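Fold and geometry: a report
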Amino acid sequence: MSPPPAPDRGRAGLTALFGATFLELCGLFMYGPLLLFTLKERGLSTSTIGLFSAAQWLGMALATPFTALWVRRLGARGALLLSAAVPFVAFTLMNLTEQIAVWTVLYLFAGMAGSLRWIVAESMVAELAPAARRGRIVGLFETMVGLTFVVGPALLAALTSAGIEAHVIRWFATALMGAALLLSWRVPALHSHLEDQGVRLGIPGIVDAVRAAPVVMVAGLVGGFFEAGLASVLPLYGLAIGLSAALAALLVSASGLGSAVMMVPIGELVDRWGRVRVWRACALLNLLATLLLPWVGELGALAWVVAVLWGGAGGGLYTVAMIDIGHRHQGVALVSATSVLVMSYTLGGMMAPALGGAALQWSPQWGFPALLATWAAVGTWALWRRGPTG
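One structure accompanies this document, and this report is about it.

Criteria and cut-off values
Residues numbered from 1 in each chain as written. Predicted model: local features only at pLDDT ≥ 70, side-chain atom pairs only at ≥ 80, totals over all residues. Heavy atoms only, no water. Helix = DSSP H or I, 4+ residues; strand = E, 2+ residues; numbered from the N terminus. Areas by Shrake-Rupley, 256 points an atom, 1.4 Å probe, with all protein chains shown as cover. Phe/Tyr/Trp six-rings, centres within 6.5 Å; stacked < 30°, edge-to-face > 60°. Buried < 20%, exposed > 50% of the residue type's maximum accessible area, 1.4 Å probe, protein only. Contact = heavy atoms within 4.5 Å. Patch = residues over 30% accessible without salt bridge, like charges linked within 9 Å, V, L, I, M, F, W, Y side chains within 5 Å. Salt bridge = Lys/Arg side-chain N within 4 Å of Asp/Glu carboxyl O. Expected span 1.5 Å × (residues − 1). Axes fitted to C-alpha atoms, helices over the stretch in contact; angles between N-to-C directions. Parallel < 35°, antiparallel > 145°, perpendicular 65-115°, else oblique. Left-handed = near helix turned anticlockwise from the far one by under 90°. Nonpolar A, V, L, I, M, F, W, Y, C, P; charged D, E, K, R; others polar.

Quick notes on the overall build of the chain
- Scanning the chain from terminus to terminus reveals 14 helices and zero strands.
- Ordered by position in the sequence, the α and β elements of the chain form the string α-α-α-α-α-α-α-α-α-α-α-α-α-α.
- Within the structure as shown, the chain displays about 16,900 Å² of accessible surface, and the carbon and sulfur contribution to it stands at 71%.

Structure below.
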């Protein structure tokens, strides 16, 4: 195993990695909604716009299993630079053409780069962070990522309200991605990928990572289900329990608040208490929040408590899993394990609106709580049975 980076070098690398990721995601969360608004103004149907938006997610799904291949070939820093260069070039070309077919192809490639960025950035943060403070630093990174979901759209809203034309905003968002690419050059090269010659790559490597730590996949499924996936169902649930449309929509903000506020404390607790205790505490908190659902109809204020706890506990499961991966792996093995976590988190996020929407339509009062309680209980059992190694 290669020695950890020197403290100053690691600190400078983390600062650059945080800054580059923040700028790139802010630009992306400005550009993406603006594209959808532009397509709507051109008269495209909602279903067609949805298919266009799905191109990005398709790209992410196609690229995720092969991230370790790029890291083995280019190194973590090289893969990070590639993941920053591709969206910058893709969105620059989109600014220069009005052909929707070309936009779709470029959006697909940007999605593939987005998957690479997500996995490589997460794994580099875990590897650059000192072991004694890994929980705090990973928690800070997850909080920062969550803030970009707010800052990017807020910048878009501010510029639009100021009367700035759409094409100018698109160039501004692209400039943020260009700045992210420049800042990514400040991230130091890591050589741990050269020591992982025995690690299989691609889909076989993903299978190996799942077999080595299936609990990571469980954490991703549960965390993605309750943190990311239920965000799209919460407004419908709010309406079902009698909230106004405005208040129902704010349940999503409550979930996001829980995720943003609780990640750093959870990381600190991991550093102090160890991964096992915090892992189990997050799983249990998620289950207890879900068991409050039958009383939400009578005590509407409980809906906000449940939403905050779901966001915090679900995000906490992902964060503790990422910390655990960082303690157990380096290099390509770390990237493969992170890919499993990202894939399972995405799958959980996809399953929640599909299953939750059906349960809400069938029985908002009992069917929806029963589904969520079952999902949370099975996840809690699995996480308590096979928790992290330390």
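Observations regarding the packing of aromatic side chains
- All chains considered together, the criterion is met by eight aromatic pairs.
- Plain terms: the ring middles of phenylalanine 226 and tryptophan 310 are 5.8 Å apart, the flat faces sit at 50° to each other, and that makes the pair tilted. With phenylalanine 226 in helix α8 (residues 214–228) and tryptophan 310 in helix α12 (residues 302–328), this residue pair connects regions lying 84 residues apart in the sequence. The pair phenylalanine 226 / tryptophan 310 is uniform in exposure class, with both members buried.
- Members of the aromatic cluster, connected to one another through ring pairs, are Phe225, Phe226, Trp310 and Trp375.

Considerations on the environment of valine 306
- Locating valine 306 in the fold gives a position in helix α12.
- Other than its neighbours up to four places away in sequence, valine 306 contacts Ala289, Leu292, Leu293 and Val296.

Some remarks on a nonpolar patch on the surface
- A cluster of nonpolar residues, Phe66, Leu69, Trp70, Leu74, Ile203 and Val207, forms a patch on the protein surface that exposes about 500 Å² of accessible area.
- Going through the elements one at a time, α3 (67–95) and α7 (202–212) are the ones with two or more residues in the nonpolar patch.
- By secondary structure assignment, the location of leucine 74 is in helix α3.
- With a relative accessible area of 39%, leucine 74 lands in the partly exposed category.

Observations regarding helix α14 (residues 367–385)
- Helix length check: α14, at 19 residues, gives a terminal C-alpha distance of 27 Å against a target of 27 Å (1.5 Å per residue), a fit within 8%.
- By the burial criterion, the buried members of α14 are Gly367, Phe368, Pro369, Leu372, Ala373, Trp375, Ala376, Gly379, Thr380, Ala382 and Leu383.

Describing the environment of serine 83
- By the element assignment, serine 83 lies in helix α3.
- Since its relative accessible area comes to 0%, serine 83 is described here as buried.
- As a C-alpha pair, serine 83 and methionine 112 span 29 residues in sequence and 8.4 Å in three-dimensional space.
- Setting aside chain neighbours within four positions, we find serine 83 in contact with Glu24, Ala113, Leu116 and Arg117.

Looking at the pattern of salt bridges
- Applying the stated rule across the entire model yields three salt bridges.
- The residue glutamate 98 makes a salt bridge to arginine 42 at a minimum N-O spacing of 2.1 Å. With glutamate 98 in the loop between α3 and α4 (100–128) and arginine 42 in the loop between α1 (7–41) and α2 (46–63), this residue pair connects regions lying 56 residues apart in the sequence.
- On the basis of relative accessible area, arginine 42 is assigned to the partly exposed category, the value being 36%.

Quick look at the packing of α3 against helix α13 (residues 331–362)
- Between α3 and α13, whose axes approach to 9 Å, the crossing angle comes to 160°. One element, α3, and the other, α13, form an angle in the roughly antiparallel class. Classified by chirality, the crossing of α13 by α3 is right-handed. Where α3 approaches α13, its residues Thr67, Ala68, Val71 and Arg72 are matched on the opposing element by Val332, Val335, Ser336 and Ser339.
- Counted by class, the contact of α3 with α13 contains four nonpolar, three polar and one charged residues.

With respect to the side chain of serine 344
- Along the polypeptide, serine 344 turns up in helix α13.
- The residues contacting serine 344, other than those within four sequence positions of it, are Val216, Met217, Gly220 and Leu221.

Looking at the environment of glutamine 361
- For glutamine 361, the location among the structural elements is in helix α13.
- Of the residues examined, glutamine 361 reaches a relative accessible area of 73% and is grouped as exposed.
- Separated by 125 residues in the primary sequence, glutamine 361 and leucine 236 place their C-alpha atoms 9.7 Å from one another.

Observations concerning the packing of α8 against helix α11 (residues 275–291)
- Viewed as axis vectors pointing N to C, α8 and α11 meet at an angle of 35°, and their least axial separation amounts to 12 Å. When you trace α8 past α11, the crossing you get is left-handed. Along its contact with α8, which presents Val215, Ala219, Val222 and Phe226, the element α11 presents Trp279, Asn286 and Thr290.
- Per-class residue counts for the contact of α8 with α11 are five nonpolar, two polar and no charged.

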